[in-house]
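Given next are the chains, with one letter for each unit.
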Amino acid sequence: MDHWLDATDRGQESRRDEPIIGHTTISGRELPVLQFMGMPPNADSTGDIALRNLLAGQGVGLIDAIPSAKEVVNDLVAGASYPL
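This is a predicted model, so every value here is computed, not measured. (Residues numbered from 1 in each chain as written. Predicted model: local features only at pLDDT ≥ 70, side-chain atom pairs only at ≥ 80, totals over all residues. Heavy atoms only, no water.)

Enquirer: Any details on the overall build of the protein? Residues and values, ideally.
Expert: From N to C terminus, the protein includes two helices and three strands. Beginning at the N terminus, the succession of helices and strands in the protein can be written as α-β-β-β-α. Out of the 84 residues in the protein, the part that is buried amounts to 12%. In the protein, the proportion of contacts linking residues at least 24 apart, taken out of those at least 6 apart, comes to 12%. Put simply, the protein shows about 7400 Å² of open surface, and 58% of that area lies on carbon and sulfur atoms. (Helix = DSSP H or I, 4+ residues; strand = E, 2+ residues; numbered from the N terminus. Buried < 20%, exposed > 50% of the residue type's maximum accessible area, 1.4 Å probe, protein only. Contact = heavy atoms within 4.5 Å. Areas by Shrake-Rupley, 256 points an atom, 1.4 Å probe, with all protein chains shown as cover.)

Enquirer: Would you mind going over the pairing of strand β2 (residues 29-34) in detail, with residue names and values included?
Expert: By the bridge criterion, six bridges tie strand β1 (residues 20-26) to β2 in an arrangement that is antiparallel. The residue bridging T25 from the neighbouring strand is E30, located in β2. Counted between consecutive antiparallel strands, the loop separating β1 from β2 contains two residues, among which S27 sits at a positive phi close to 55°. (Pairing = 2+ DSSP bridges.)

Enquirer: How would you explain the environment of H23 if you had to name every residue and give the values?
Expert: In this fold, H23 is placed in strand β1. Along the chain, H23 and L34 lie 11 residues apart, while their C-alpha atoms are 8.5 Å from each other. The contact partners of H23, leaving out residues within four places of it in the chain, are E30, L31, P32, V33, D44, S45 and T46.

Enquirer: Tell me about a nonpolar patch on the surface, and name the residues and values.
Expert: Taken together, V60, I63 and I66 make up a surface patch of nonpolar side chains, about 360 Å² in accessible area. By the element assignment, I63 lies in the loop between β3 (46-47) and α2 (69-79). Judged by relative accessible area, which is 59%, I63 ranks as exposed. (Patch = residues over 30% accessible without salt bridge, like charges linked within 9 Å, V, L, I, M, F, W, Y side chains within 5 Å. Salt bridge = Lys/Arg side-chain N within 4 Å of Asp/Glu carboxyl O.)

Enquirer: I'd like a rundown of unusual backbone geometry, residues and numbers included.
Expert: Although it is not a glycine, S27 sits at a positive phi angle of roughly 55°. Mapping S27 onto the fold places it in the loop between β1 and β2. For S27, a relative accessible area of 79% puts it in the exposed group.

Enquirer: Can you lay out the sheet that holds β2 for me, pointing to particular residues and giving the numbers?
Expert: One open sheet holds the three strands; their spatial order is β2-β1-β3, and the pairing between them is antiparallel. The open sheet terminates on both sides in strands that have one partner only, identified here as β2 and β3. Pairing analysis gives two bridges linking β1 to β3, with the strands arranged antiparallel. The residue of β3 that forms the bridge with H23 is T46.

Enquirer: Which residues make up the side chain of T24, and what are the values?
Expert: Of note, T24 is situated in strand β1. There is a polar contact of 3.4 Å between the side chain of T24 and the side chain of S45. (Polar contact = N/O pair within 3.5 Å; in protein donor to acceptor, adjacent residues only side chain to side chain.)

Quick look at the structure:
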């Protein structure tokens, strides 16, 4: 486990051997996009976005169904309480 402690000292620093998979422009400055860089794509991003490290929260693991819009609206209406 000690080998992980050394790696955490790097913080957000990228590894020098990560492949460049695209480019993006931020504040007028073009930057390379490395494969495991945790930056979400923007309108100026180029390259293979499917290779990017797109982060999602822990809640993603709680999704077990993809209801239709009709089902979502029906559930909202059924669960709504109206003041008398």
